[in-house]
Each structure stands twice: as C-alpha cells, then as structure tokens.
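# Inside the fold
Here's the letter readout for the chains.
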Amino acid sequence: QVQLVESGGGLVQAGGSLRLSCAASGSIIIFNAMGWYRQAPGKQRELVASMSRGGMTNYLDSVKGRFTVSKTIAARTVYLQMNSLKPEDTAVYYCYAQSAGAKTDYWGQGTQVTVSS
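To keep things clear, this report deals only with the structure shown in the data block. (Residues numbered from 1 in each chain as written. Predicted model: local features only at pLDDT ≥ 70, side-chain atom pairs only at ≥ 80, totals over all residues. Heavy atoms only, no water.)

## Structural notes on the pairing of strand β8 (residues 77–82)
Selection rule: Throughout, exposure labels follow a simple rule: accessible area from a 1.4 Å probe, protein chains only, divided by the maximum for the residue type, with under 20% read as buried, over 50% as exposed, and the rest as partly exposed. Labels follow the DSSP assignment, with helices taken as runs of H or I lasting at least four residues and strands as runs of E lasting at least two, numbered in each case from the N terminus. DSSP calls a pair of strands paired once it identifies at least 2 bridges connecting them.
Among the 6 residues of β8, 5 are classified as buried, and the element is accordingly described as predominantly covered. By the bridge criterion, 6 bridges tie strand β3 (residues 18–26) to β8 in an arrangement that is antiparallel. Its bridge partner lying in β8, Ser21 is registered against Tyr79. Remark: 5 residues form the turn of the hairpin made by strand β7 (residues 67–71) and β8, two consecutive strands paired antiparallel; Ala75 in that turn has positive phi of roughly 60°.

Okay, structure coming up:
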C-alpha cells in the first residue's frame, strides 16, 4: 500500500510564506496526478493546486499568483510553496494522489496551516 505524509504546516502571520511537502512511501506505483486540497471549518474540501503526470497544473482562482505546486521527476514528492498568505488560507491541507490504471485515491493525514492577521 501507499502512504502520503505531509509536513511544513504551522502558524504564520499574514503576508508570510510556508512550504508544504508530501512524500509518498510504500508501494512504488505511478500517479496520474498529485496535489493539495484544503478544508476550512464549516467549508467543503476544495482543490488548491494539482499537477498531472505530464506536468500540467491547476490552481484554485484565489491562490493563483501566490501558490506554486511542484513535484520531483519521479513524482514521489509534491510541494506547495505558499506566499503572501492570507487569513482566509487557514485550513487543514491534505496531500492527494491518484494512481494510474485503477485510479485509486490516496490522502495524507492533513497538516494545519493557520494564518494570523
């Protein structure tokens, strides 16, 4: 099986930056896509940023120009560089990956990001 482990969350003041990392361990499989979701209290989980196996990216409109998603060539690690953070970015951020073939979804345990004003 595959496990996704996030790191890099924490408390930061508005305007600051954080870099989230997610490392895949366990079975060596091919992922169609990797990325990040977030869920704030009282809100639905939403896609923040993703990258396909071919390198195409997709961003939530509210984070465009501020967040950047990247991954290693082997696609075993994915990053989210978050700049110019705003209080509304406060949420639990979840790493996500979808396997090729069976299209199985994998989720990390989540890491808390809190942005103070």
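## A short note on the side chain of Ser21
The criterion, for reference: Only heavy atoms matter for contacts: two residues are in contact if any of them lie within 4.5 Å across the pair.
Looking at where Ser21 falls in the secondary structure, it is placed in strand β3. Take Ser21: its relative accessible area is 18%, and that puts it in the buried class. Setting aside chain neighbours within four positions, we find Ser21 in contact with Val5, Glu6, Ser7, Trp36, Val78 and Tyr79.

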